[in-house]
Amino acid sequence: MSVTQGFAGEFERLLRWRRDVRHFAREPISDELVEHLLDLACLAPSVGNSQPWRFVSVDEARYRGAVVANFSAANARALLGYEGERAELYANLKLAGLREAPRQFAVFCDEDTSQGHGLGSRTMPEMLRYSTALAVHTLWLAARAHDIGVGWVSIIDPDRMADDLDVPRHWKLVAYLCLGRPLGESAVPELERVGWQARSSACRQVVHR
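Residues numbered from 1 in each chain as written. Predicted model: local features only at pLDDT ≥ 70, side-chain atom pairs only at ≥ 80, totals over all residues. Heavy atoms only, no water.

> What should I look at first to understand the side chain of Arg22 in this one?
Mapped onto the secondary structure, Arg22 falls in the loop between helix H1 (5–16) and helix H2 (31–41). Judged by relative accessible area, which is 13%, Arg22 ranks as buried. Within the structure, Arg22 has its side chain in polar contact with the backbone oxygen of Leu95 (distance 3.1 Å). At 3.1 Å, the side chain of Arg22 and the backbone oxygen of Trp152 are in polar contact. Excluding residues that lie within four positions of it along the chain, Arg22 makes contacts with Lys94, Leu95, Ala96, Gly97, Glu100, Gly151, Trp152, Val153 and Glu190. (Helix = DSSP H or I, 4+ residues; strand = E, 2+ residues; numbered from the N terminus. Buried < 20%, exposed > 50% of the residue type's maximum accessible area, 1.4 Å probe, protein only. Polar contact = N/O pair within 3.5 Å; in protein donor to acceptor, adjacent residues only side chain to side chain. Contact = heavy atoms within 4.5 Å.)

Have a look at this one:
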């Protein structure tokens, strides 16, 4: 593949505009586009070519209701961990688009998969979950390239989620994703805009040995 300067520039722009979306338009996304995005997500690298990711499309009202209840309980517990102004700020954050996003996926890691024959994951079993996280990131970039926003909901009880969605117990939740067209766009993370946490240059530091 020959990479042009224009492609490299557009890719950099994609990374800067990826952003975690919480505010979604309710208009539906076509099934064809969603299937295409999932196909692209499955191009992600995985340890031993294990492809351990399992995408569960959460569509029915009873399952979405269970997810909302899960989030609400986890969010209430999280709020108890803050005090004063930080607690007030947390309470006013919009931390999920569960009621608006037209498409939602729970992304699990199948830690009992025979695909890949354990190559690379016998010494580091966590590589299966890392591989699933790479699929999530690949889906995120692909969605953004098609003007679809993604929100990663992490304030959720992962063990309860397997029961909420009736999936095998050996599947471990890695991400709960909301997909939809964003109501607004910004290159600045929302948590930075509302004063929760700015980006830090510390993550750029490289340790030389």
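> What should I look at first to understand the packing of H1 against helix H5 (residues 127–145) in this one?
Relative placement of two packed helices is described by the angle separating their axes and the distance separating the axes. It is at 10 Å that the axes of H1 and H5 come closest, and there the two elements cross at 105°. What the angle tells us is that H1 and H5 run roughly perpendicular. Residue-level inspection shows Phe11, Leu14 and Leu15 of H1 in contact with H5, the latter providing Leu141, Arg144 and Ala145. Of the residues belonging to the contact of H1 with H5, the class tally is 5 nonpolar, no polar and 1 charged. (Axes fitted to C-alpha atoms, helices over the stretch in contact; angles between N-to-C directions. Parallel < 35°, antiparallel > 145°, perpendicular 65-115°, else oblique. Nonpolar A, V, L, I, M, F, W, Y, C, P; charged D, E, K, R; others polar.)

> Where do I start with the sheet that holds strand S1 (residues 53–57) in this structure?
Pairing between the strands of a sheet is mediated by backbone hydrogen bonds and can be parallel or antiparallel. With respect to topology, 4 strands assemble into an open sheet ordered S1-S2-S4-S3, the strand pairing being antiparallel. Each of the sheet's edge strands pairs with one partner strand only, and the pair in question is S1 and strand S3 (149–153). Taking the axes of each pair of neighbouring strands and ignoring which way they run, one obtains an average angle of 30° across the sheet. For S3 and strand S4 (residues 171–180), the ladder comprises 5 bridges, and the chain directions are antiparallel. Counted as the bridge partner of Val150 is Leu179 from S4. Running over the sheet, H5 touches S1, strand S2 (103–110), S3 and S4 and is turned about 5° from S4. (Pairing = 2+ DSSP bridges.)

> How do you make sense of the pattern of salt bridges when you look at a structure like this?
Any two side chains of opposite charge can pair, given that their charged atoms come close. The tally for this structure, following the rule as stated, stands at 14 salt bridges. The partner of Asp110 in a salt bridge is Arg54, and the shortest N-O contact between them spans 3.2 Å. Residue Asp110 is located in strand S2, and its partner Arg54 is located in strand S1; the two are separated by 56 residues in the primary sequence. Residue Arg54 is classed as partly exposed on the basis of its relative accessible area of 21%. As a salt-bridge pair, Asp147 and Arg144 come within 3.8 Å of each other at their nearest N and O atoms. Classification of Asp147 as partly exposed rests on a relative accessible area of 34%. Here the salt bridges do not stand alone but share partners, grouping Glu27, Arg144, Asp147 and Arg181 into one network. (Salt bridge = Lys/Arg side-chain N within 4 Å of Asp/Glu carboxyl O.)

> Explain the packing of aromatic side chains here, please?
The geometry of an aromatic ring pair is captured by the separation of the ring centres together with the interplanar angle, meaning the angle of the planes. Taken as a whole, this structure holds 4 aromatic pairs when the rule is applied. Measuring from ring centre to ring centre gives 6.4 Å for Phe55 and Phe105, while their planes differ by 85°; the resulting arrangement is edge-to-face. Placement of Phe55 in strand S1 and of Phe105 in strand S2 is noted, with a sequence separation of 50 residues between them. Under the relative-accessibility criterion, Phe105 is labelled buried at 2%. Plain terms: the ring middles of Tyr82 and Tyr90 are 5.1 Å apart, the flat faces sit at 25° to each other, and that makes the pair stacked. Arg18 extends its terminal NZ or CZ atom over the ring of Trp140, reaching a point 4.6 Å from the ring centre. (Phe/Tyr/Trp six-rings, centres within 6.5 Å; stacked < 30°, edge-to-face > 60°. Lys NZ or Arg CZ within 6 Å of the ring centre and 35° of its normal.)

Note that all results are geometric; they support no functional claim without further evidence.
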